[in-house]
Amino acid sequence: MRTVRRLLAAALITTLFLPGSAGAQEADDAPSAAGEPNDLEQPNSAFAVSPGTNGQRPDRSAISLEVLPGQTIQDSISIFNFTDEPISFRVWSGDGYNTADGGFAIYGEDVDAVDTGSWIELPDTEVTVGPASRADLPILIRVPENAEPGDHAGGVAGVNTTPVETVDAGDANIDLLRAVGARVYLRVAGPLNPALEVRNIEVDGSQPLLPGLTGSGSARLTFEIVNTGNLRVAPTAATELSGPFGIGKQTNDPIELRELLPGSSVQISQEFTEVPALGRMTARIHLTTDAVDTVRTTTFWAVPWLYVAVVILLGGWWWWRRRRSGDDDPGHRAWPDEEPTDHELVSV
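1. Some points on the nonpolar core
Next, step 1: In terms of nonpolar packing, the biggest core is built from 27 residues, with Ile77, Ile141 and Val143 touching the most fellow members.
Next, step 2: Within the residue set of this core, elements represented by two or more residues are β2 (47-51), β3 (63-67), β4 (72-81), β5 (87-98), β8 (126-129), β9 (133-142) and β13 (179-188).
Next, step 3: A per-element tally of this core places β13 first, with five residues.
Next, step 4: If we ignore the near neighbours within four places in the chain, the residues touching Ile77 are Val49, Ser50, Pro51, Gly52, Ile63, Ala135, Asp136, Leu137, Ile139, Val156 and Ala182.

Structure, rendered in structure tokens:
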């Protein structure tokens, strides 16, 4: 059976850089030392990347620094190999972004960095880590003089070039190469402006043939949350539907979003059931953080069209009957005018 090697970093870079995965571990989930048992819940437990440990337990989930324009900072990352064989890695720095579901990701090595990723200097781009060992890589962060105030995100990523997992694909074996990384957050001094916007609101509603008799209505509310400020935020989104004067109000459980980076956006979809057919309905979206409070609304129609059609038909029939009965009423006939007649007076 043939062995086919495939580099899957481009696909995996957007799925493995989520909070809780390798390279984004909280201190309580991090390994105590290379080679020792660990309880990292990640798809590639053979290795991990974290902020520099200086020989100790990782005590931070990301490199997070407050910096000044023009400042240079020294730090490090650590690459852990939990297997009993050496593993080679290719390492790069990249800009951070949000995936469609709001997760954190770092652009692959084929995408040129223009922000945080371009500020990070690595001593090596290829590293081999021995069995049950850890490699510490110093990094240099050079903040440009013209860096814009606010939060900037990126990271240092690594993909294993030594296969540690193989998948049976029928007539061939595919060696999986996975990418993981450590996040880097930099807050550049200057005016800070947290801000959120709700855009592209759509409501897709439906009503049964006979509301109240053959079922109830439903509605799908979709919208986009955009971070238009210069700080990363983790907003809570609360949604509700209501009819005229607040009749039939429904609320969904609030959604607590992952951090949203400046300039990034995330799509949200909410389902509502038991939506009454009250005519003009209002959908309300409320975003909150410690510093932001934003509300947007939109309207849509929830109409029992069959009932409306029946009412129109009955109204038309009633009007036709009234008109016809008016035509048949002798008291309302239009009699032709008669010529006046002269009468002679007869005296007796």
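Now that the structure is up, let's keep going.
2. A closer look at the side chain of Thr239
Next, step 1: With respect to the helices and strands, the residue Thr239 is situated in strand β16 (residues 236-242).
Next, step 2: Given the relative accessible area of 3%, Thr239 is considered buried.
Next, step 3: Polar side-chain contacts of Thr239 include one of 2.9 Å to the side chain of Gln270.
Next, step 4: Beyond its immediate chain neighbours, meaning those up to four positions away, Thr239 contacts Leu221, Phe223, Gln250, Thr251, Asn252, Gln270, Phe272, Arg284 and Ile285.

3. Remarks on the pairing of strand β20 (residues 279-288)
Next, step 1: The pairing of β16 with β20 spans seven bridges and is classified as antiparallel. Counterpart to Thr239 in the pairing with β20 is Ile285.
Next, step 2: Note: β20 against strand β21 (residues 293-302), ten bridges, orientation antiparallel. Bridge pairing in β21 links Arg284 to Thr297.
Next, step 3: Connecting the antiparallel pair β20 and β21 is a turn made up of four residues.

4. Considering the pattern of salt bridges
Between side chains of opposite charge, pairing is possible as soon as their charged atoms come close.
Next, step 1: Evaluated as defined, the whole model comprises nine salt bridges.
Next, step 2: Here Glu121 ties to Arg142 by a salt bridge, and the two come within 2.7 Å at their closest N and O atoms. With Glu121 in strand β7 (residues 120-121) and Arg142 in strand β9, this residue pair connects regions lying 21 residues apart in the sequence.
Next, step 3: Taking relative accessible area as the criterion, Glu121 reaches 36% and is therefore assigned partly exposed.
Next, step 4: By relative accessible area, which is 41% here, Arg142 ends up partly exposed.
Next, step 5: In this structure, Glu197 engages Arg199 in a salt bridge whose closest nitrogen and oxygen atoms are separated by 2.9 Å.

Cut-offs used in this document
Residues numbered from 1 in each chain as written. Predicted model: local features only at pLDDT ≥ 70, side-chain atom pairs only at ≥ 80, totals over all residues. Heavy atoms only, no water. Core = buried A, V, L, I, M, F, W, Y, C linked by side-chain atoms within 4.5 Å. Buried < 20%, exposed > 50% of the residue type's maximum accessible area, 1.4 Å probe, protein only. Helix = DSSP H or I, 4+ residues; strand = E, 2+ residues; numbered from the N terminus. Contact = heavy atoms within 4.5 Å. Polar contact = N/O pair within 3.5 Å; in protein donor to acceptor, adjacent residues only side chain to side chain. Pairing = 2+ DSSP bridges. Salt bridge = Lys/Arg side-chain N within 4 Å of Asp/Glu carboxyl O.

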